Amino acid sequence: MAMTSRLVFLIAVLVASSCTTEAMKKKKVTNIQFYMHDIVSGPNRTAVKVAGQLTNSTSSNWIASTFGSIYVIDDPLTATPQMNSTLMGRAQGIYAMASQQDEFSLLMTITYGFISGRYNGSSFSVVGRNPVMNKVREMPIVGGTGVFRLASGYCLAHTYSTNEMDAVIGYNVTLIHY
């Protein structure tokens, strides 16, 4: 009886490992490029400050005076840097001013959702530090939905243009998913 139980267990382990191996072979790599429009000022804002220090802080250090500020965003994602180009989706989430010292950095928790094309209805999420003043910033992809279910990977962000606090950020994204 014990021998039969061991044999059944061994067969179950072999079947499970072959299924896992088959699933692992089906991983896909997808590269996407888009532009995020983060508009903090004016009547059509896409980022709104919901918490933080008063803007009339007496600190001479701009970075320290913004520490703790939190913004909620609903930014359009477009195919080119022009706001009137094809709308691919929206970036929705929060970012917080996370530095008190010499480097302006954000902590970002954002989901990038797509509303057109072959990725329609799919999304991926980024949670990580964004040292804004670096020419290129790398941030981790921690999950996804739809076509990007169980996604991992990374995104490279670069600031395309700024107008005071408003910015257009280019993203080059590498997703690994099933």
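About the cut-offs
Residues numbered from 1 in each chain as written. Predicted model: local features only at pLDDT ≥ 70, side-chain atom pairs only at ≥ 80, totals over all residues. Heavy atoms only, no water. Helix = DSSP H or I, 4+ residues; strand = E, 2+ residues; numbered from the N terminus. Contact = heavy atoms within 4.5 Å. Salt bridge = Lys/Arg side-chain N within 4 Å of Asp/Glu carboxyl O. Buried < 20%, exposed > 50% of the residue type's maximum accessible area, 1.4 Å probe, protein only.

1. Here's the deal with the side chain of Asn 130
Then, number 1: Secondary-structure assignment places Asn 130 in strand β6 (residues 123–131).
Then, number 2: Ignoring anything within four residues of it in the chain, the contact list for Asn 130 reads Phe 104, Ser 105, Leu 106, Met 108, Arg 137 and Met 139.

2. Thoughts on the pattern of salt bridges
Then, number 1: Under the criterion given, the structure shown has 2 salt bridges.
Then, number 2: One salt bridge connects Asp 74 with Arg 90, and the closest N-O pair in it is separated by 2.7 Å. In this pair, Asp 74 sits in strand β3 (residues 70–78) while Arg 90 sits in strand β4 (residues 87–97), placing the two residues 16 residues apart along the sequence.
Then, number 3: With relative accessibility at 31%, the residue Asp 74 sits in the partly exposed group.
Then, number 4: For Arg 90, a relative accessible area of 26% translates into the label partly exposed.
Then, number 5: The closest approach of N and O atoms between Glu 103 and Arg 129, which form a salt bridge, is 2.1 Å. Pair noted here: Glu 103 is in the loop between β4 and β5 (105–114) and Arg 129 is in strand β6, with a separation of 26 residues, a long-range link.
Then, number 6: Judged by its relative accessible area of 30%, Glu 103 is partly exposed.
Then, number 7: Arg 129 gets classed as partly exposed once you look at its relative accessible area, which sits at 45%.

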